[in-house]
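# Overview (structure and organization)
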Amino acid sequence: MRRTLLAAAAMLAMGCATATAQTRWTMATAYAEGNFHTRNIRAFIEDVERSTSGRLTIQLHPAASLLQMPAIKRGVQTGQIQLGEVLLSVHGNEDPFFEVDSVPFLADTWEATAVLDRVSTPFIAARMERQGVLPLFAVPWPSQAFYTRAEVRTVEDLRGLRFRTYNVLTTRMAELLGAAPVTVQVAEIPQAFATGVIAAMFTSAQTGVDTSAWDYARYFTDVGGMRARNFIIVNARAFRGLDEATRTAVTQAAERATARGLEAAKAAETEMVERLRARGMQISTPSPQFLAQLREVGTRQTQEWAQRAGPEGQQLLERFRAAAPR
């Protein structure tokens, strides 16, 4: 009887240890399943679960089904969820450094984007950590384009149009272009166009495909602009509560997701444009005059950003300009 009781106690202890070792996290993103960002996150989750032999499992809620984009970062900070994907520039009102990658025409090539990523990430990580959040990895968006019903040849063609915006910088950009800014979340874009709430927007080919842009716009004018980043962030306390082996597995999976996501972004830049073309959209090339006008707007917004960001912002810009390709 004594041996039976000891065996039962041992089995119970083993069961409790297994239950304790298993951790379940919740993650939210605002983007659809077909988006390359979401596919990359799915691969990241599979990688983590495989590398940890199931000790850490992650349930993903895509397409803003759990939290809308503006609420995701706060959800991670408070521990409502452990992981989240955010377009960091949405939170530029908290700190100018969160929106530096969305300053128009500051970094408008892949090479310049890589430099800006390298010099800005330490500033961003330090600010996040003070908020109880850690950046796991970041993946850029492809180049940006104007979606309109009529062809856009110069800035004057945008004046007076109701222009979709999603952060402080795109709102300011719309103002400088002479358009009327209207904040619209991704999921609401088709209805906003259909009801006349907006008549133009500035976003990637991927977002155009995600929202079936051919149903509401005719012209796609790719101007480069910037390649803003989505950050995958984790609650700092939750991450540090993992055992060392699991933390290492998550970090290594994040490194692989960074490389995989960058390649997916570059591929989407051409593949998604071809999908828009196949659906009947007119792919328009911007004129030198139009690009010159847009770069003037970008120069002004860079100056305004530097003023808001203060001495550290100036330091970041100096490092970027010293290392950026000429």
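Quick note: structure is the one above.
This report concerns the structure included in the present document. (Residues numbered from 1 in each chain as written. Predicted model: local features only at pLDDT ≥ 70, side-chain atom pairs only at ≥ 80, totals over all residues. Heavy atoms only, no water.)

Time to look at the overall build of the protein chain. When its secondary structure is counted, the protein chain shows 10 helices and 11 strands. Viewed in the frame of its principal axes, the protein chain has a C-alpha envelope of about 90 × 45 × 30 Å. Put simply, the protein chain has 326 residues, and 52% of those count as buried. A sequence separation of at least 24 residues applies to 78% of the contacts in the protein chain between residues at least 6 apart. As displayed, the protein chain offers around 14,900 Å² of accessible surface, 51% of which is attributable to carbon and sulfur atoms. One way to put it: in the protein chain the 36 positive side-chain charges average out to a point 5 Å from where the 32 negative ones average out. (Helix = DSSP H or I, 4+ residues; strand = E, 2+ residues; numbered from the N terminus. Buried < 20%, exposed > 50% of the residue type's maximum accessible area, 1.4 Å probe, protein only. Contact = heavy atoms within 4.5 Å. Areas by Shrake-Rupley, 256 points an atom, 1.4 Å probe, with all protein chains shown as cover. Lys, Arg positive; Asp, Glu negative; His and termini not counted. Charge placed at Lys NZ, Arg CZ, Asp CG, Glu CD.)

Our focus in this paragraph is the sheet that holds strand β2 (residues 56–61). Strands pair in a sheet through their backbones, by hydrogen bonds, and they do so in one of two ways: parallel or antiparallel. The strand order β2-β1-β3-β10-β4 describes an open sheet built from five strands, whose pairing is mixed. Because the sheet does not close on itself, it has two edges, and the strands there are β2 and β4 (133–140). Each adjacent strand pair in this sheet contributes to an overall mean axis angle of 25 degrees, direction not counted. In this sheet, strand β3 (residues 83–87) lies alongside strand β1 (residues 23–28) in parallel orientation, the contact comprising two bridges. (Pairing = 2+ DSSP bridges. Axes fitted to C-alpha atoms, helices over the stretch in contact; angles between N-to-C directions.)

Between helix α5 (residues 168–177) and helix α10 (residues 288–323), the least distance of the axes is 10 Å, while the angle of their chain directions is 135 degrees. Viewed along their axes, α5 and α10 adopt a mutual orientation that is oblique. When you trace α5 past α10, the crossing you get is right-handed. In this structure, α5 contributes L169, R172, M173, L176 and L177 to the contact, and α10 contributes L294, V297, R300, Q301, E304 and R308. Grouping the constituent residues of the contact of α5 with α10 by class yields six nonpolar, one polar and four charged. (Parallel < 35°, antiparallel > 145°, perpendicular 65-115°, else oblique. Left-handed = near helix turned anticlockwise from the far one by under 90°. Nonpolar A, V, L, I, M, F, W, Y, C, P; charged D, E, K, R; others polar.)

The subject of this paragraph is the pairing of strand β8 (residues 200–204). Sheet faces and side chains relate simply in a regular strand, where the side chains alternate between the two faces. With five of its five residues buried, β8 lies for the most part within the structure. Sheet topology note: the strand β5 (residues 144–148)/β8 ladder contains five bridges and is antiparallel. Opposite A145, over in β8, you have T203 as the bridge partner. Inspection of the sheet shows strand β6 (residues 162–165) paired to β8 by two bridges, in the parallel sense. Note on β8: the bridge partner recorded for R164 is M201.

Here we come to the pattern of salt bridges. Tallied over the entire structure, the rule returns 18 salt bridges. Between E94 and K73 there is a salt bridge, with its nearest N and O atoms 2.8 Å apart. With E94 in the loop between β3 and α4 (110–130) and K73 in helix α3 (residues 69–78), the pair connects residues that are 21 residues apart, well separated along the chain. Classification of E94 as partly exposed rests on a relative accessible area of 40%. (Salt bridge = Lys/Arg side-chain N within 4 Å of Asp/Glu carboxyl O.)

In terms of nonpolar packing, the biggest core is built from 106 residues, with W25, F44, I58, L136, F146, Y147 and F320 touching the most fellow members. When residues in this core are grouped by element, the largest group, 10 residues, is from α10. (Core = buried A, V, L, I, M, F, W, Y, C linked by side-chain atoms within 4.5 Å.)

For A64, which is not glycine, the phi dihedral falls at a positive 55 degrees. Structurally, A64 can be placed in the loop between β2 and α3.

The description of two helices packed together rests on the angle between their axes and the distance between the axes. Relative orientation of the contacting elements α4 and α10 amounts to 155 degrees, with a least axis distance of 9 Å. Comparing the axis directions of α4 and α10 gives the class roughly antiparallel. In the crossing of α4 with α10, the sense of the turn from one axis to the other is right-handed. Only E312, Q315, L316, R319, F320 and A323 of α10 make contact with α4, whose side of the interface consists of A112, V115, L116, R118, V119, S120, F123 and R127. Residue classes in the contact of α4 with α10 are distributed as eight nonpolar, two polar and four charged.

Here we come to the side chain of S102. Summarising the element assignment, S102 is placed in the loop between β3 and α4. Here S89 takes part through its side chain, which lies 3.1 Å from a polar atom of the side chain of S102. Residue contacts for S102: discarding those within four places in its chain leaves S89, N167, L169, M226 and A228. (Polar contact = N/O pair within 3.5 Å; in protein donor to acceptor, adjacent residues only side chain to side chain.)

Moving on to the sheet that holds strand β9 (residues 219–224). Read from one edge to the other, the open sheet built from six strands follows the order β7-β6-β8-β5-β9-β11, with strand pairing classed as mixed. For this open sheet the edge positions go to β7 (180–183) and β11 (282–284), each flanked by a neighbour on one side alone. The mean angle between the axes of side-by-side strands here comes to 30 degrees, regardless of whether they run parallel or antiparallel. On top of the sheet, α5 reaches β5, β6, β7 and β8; it is set at about 160 degrees to β6, its chief contact. Strands in contact with α10 are β5 and β9; relative to β9, the strand with the most contacts, it is inclined by about 60 degrees.

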